[in-house]
Structure formats: C-alpha cells, structure tokens
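Structural overview
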Amino acid sequence: MTEIRVEAADFDVSAEIARLRAGDARVGAVVSFVGTVRDMNDGDCVAELELEHYPGMTEKALQDIVEQARGRWPLYGVLVIHRIGPMRPLDQIVLVACTAAHRGEAFAACEFIMDYLKTDAPFWKKEQTPNGARWVDARVTDDTARAKWANR
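Let me begin by describing the structure that accompanies this report. (Residues numbered from 1 in each chain as written. Predicted model: local features only at pLDDT ≥ 70, side-chain atom pairs only at ≥ 80, totals over all residues. Heavy atoms only, no water.)

Considering the pattern of salt bridges
We apply this condition: Here, a salt bridge means any side-chain nitrogen of Lys or Arg that lies within 4 Å of a carboxyl oxygen of Asp or Glu. Only DSSP runs of H or I reaching four residues or more are called helices, and only runs of E reaching two or more are called strands; each is numbered from the N terminus. Accessible area is worked out with a 1.4 Å probe on protein chains only. A residue is then buried under 20% of its type maximum, exposed over 50%, and partly exposed in between.
Scanning the entire structure with this criterion turns up 15 salt bridges. For Asp44, the salt bridge goes to Arg134, with nearest N and O atoms at 2.6 Å. Residue Asp44 is located in strand 4 (residues 44-45), and its partner Arg134 is located in strand 10 (residues 132-135); the two are separated by 90 residues in the primary sequence. Using a relative accessible area of 23% as the deciding quantity, one classes Arg134 as partly exposed. Its salt-bridge partner being Arg146, residue Asp120 comes within 3.0 Å of it at the nearest N-O pair.

What follows is the structure, encoded as structure tokens:
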C-alpha cells in the first residue's frame, strides 16, 4: 500500500498508522515521523506558518520519492500526509510512516523519504513573525541530509 495526501486537515497519527498496518501479518516494524510547527525559527518567534504547494506537481514529486524508497528497501506500506495552509505552533505538518518486515528497512526508508521530501517536494513556507511575514529559505542542512543517500 502506498498513500500520499496533501491536505489542509489535521491527521490522527494513531488512526493513520493503525490503518497502514491493518491486517498485514507480515509487518514486523512500523516507523513514523511527525513534523510539527515550532514557535521559533532563525531567532524569531513564529506565530503562524503557512504552507503552499503546486497541486499535481507536489503529489507527483512525493510519489517519485516514495517509488525511490520502494526501490531501495522491501517495504509493505508507505504513508505520506503533508498539510498545507495556515498552521500554528504545535500543529502537525507532516507524517511519514513505513512498514516492513524489519526495523532497519523501515527506519532507513522513513528517513530517506523525509530527507528527499525536504529538498525535492515543491512546498513553500511563509512564517508570520513579530517583524512581519517572511518566506523560509531552503536549508543547507537539508541538502546535506539528502546527499548522504547518494553513497548508500
């Protein structure tokens, strides 16, 4: 099973993971990552984070990333949910969950998907700070995290 959703609505992590692994007795490992909105970034308070995307292109990019992960590891299920629209600190932004027979494969695939999502998926972030709105630039650390997979 592969499911990719880009939506404004929040998600229930427990319900989503239960659905991902439901009825699949092969699953020996479930690994998930949840990204949340922080109240600070680059030294400023963040009151709101707004995420925009390019419909169709974003889902295609996420599908391509998941297919790359499936080509590297024997996964049973992959779920990617990424929210768009305005969010406040503590809100959930993204869920990536992977199921596999063993934890190593599930951990690696989940990390790979997040590392590629951060650099290859077309999302744009705008923060509301006390100094006004600002667009969030790409981070060198995200590029570095993605680059480590080239040698694996």
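Brief notes about the sheet that holds strand 8 (residues 92-100)
Hydrogen bonds along the backbone pair up the strands of a sheet, which may run parallel or antiparallel. Selection rule: Two strands qualify as a pair provided that DSSP identifies no fewer than 2 bridges between them. To define axes, lines are fitted to C-alpha atoms, for helices over the stretch in contact only, and angles between the resulting N-to-C directions are given on a 0 to 180 degree scale. Throughout, a residue-residue contact means that at least one pair of heavy atoms, one from each residue, lies within 4.5 Å.
An order of 1-6-8-2 is seen for the 4 strands of this open sheet, with the pairing classed as mixed. Sheet topology places strand 1 (2-7) and strand 2 (29-36) at the edges, where each strand pairs with a single neighbour. With strand direction ignored, the average angle separating the axes of adjacent strands in the sheet is 5 degrees. Bridging between strand 1 and strand 6 (residues 75-83) involves 6 bridges; their strand directions are parallel. If you follow Glu3 over to strand 6, its bridge partner there is Leu79. Most of the contacts of helix 1 (residues 13-21) go to strand 8, to which it runs at about 25 degrees, and overall it touches strand 1, strand 2, strand 6 and strand 8. Of the strands in this sheet, strand 1 and strand 6 touch helix 2 (residues 57-72), which is tilted by about 150 degrees from strand 1.

Things to note about the pairing of strand 5 (residues 48-53)
Pairing between strand 5 and strand 9 (residues 123-129): 6 bridges, direction antiparallel. Within strand 9, the residue paired with Glu52 across the bridge is Trp124.

Some words on the side chain of Thr58
Within the secondary structure, Thr58 sits in helix 2. Residue contacts for Thr58: discarding those within four places in its chain leaves Val6, His53, Pro122 and Phe123.

Structural notes on a nonpolar patch on the surface
Where we set the bar: Surface patches are drawn from residues lacking salt bridges whose relative accessible area is over 30%; two like charges belong together within 9 Å, two nonpolar side chains (Val, Leu, Ile, Met, Phe, Trp, Tyr) within 5 Å. Per-residue and other accessible areas were derived by the Shrake-Rupley procedure at a 1.4 Å probe size, with only the shown protein chains allowed to occlude residues.
Together, Tyr54, Met57, Trp124 and Trp135 line one region of the surface with nonpolar side chains, adding up to about 470 Å² of accessible area. Relative to the helices and strands, Trp135 resides in strand 10. Residue classification places Trp135 among the partly exposed residues on the basis of a relative accessible area of 46%.

Digging into unusual backbone geometry
Residues other than glycine seldom take positive phi values, yet Asp42 does so here, at roughly 50 degrees. Note that Asp42 resides in the loop between strand 3 (40-41) and strand 4. Given the relative accessible area of 58%, Asp42 is considered exposed. Even without glycine at this site, Leu90 takes up a positive phi of about 85 degrees. Along the chain, the position of Leu90 falls in the loop between strand 7 (85-87) and strand 8. Given the relative accessible area of 76%, Leu90 is considered exposed.

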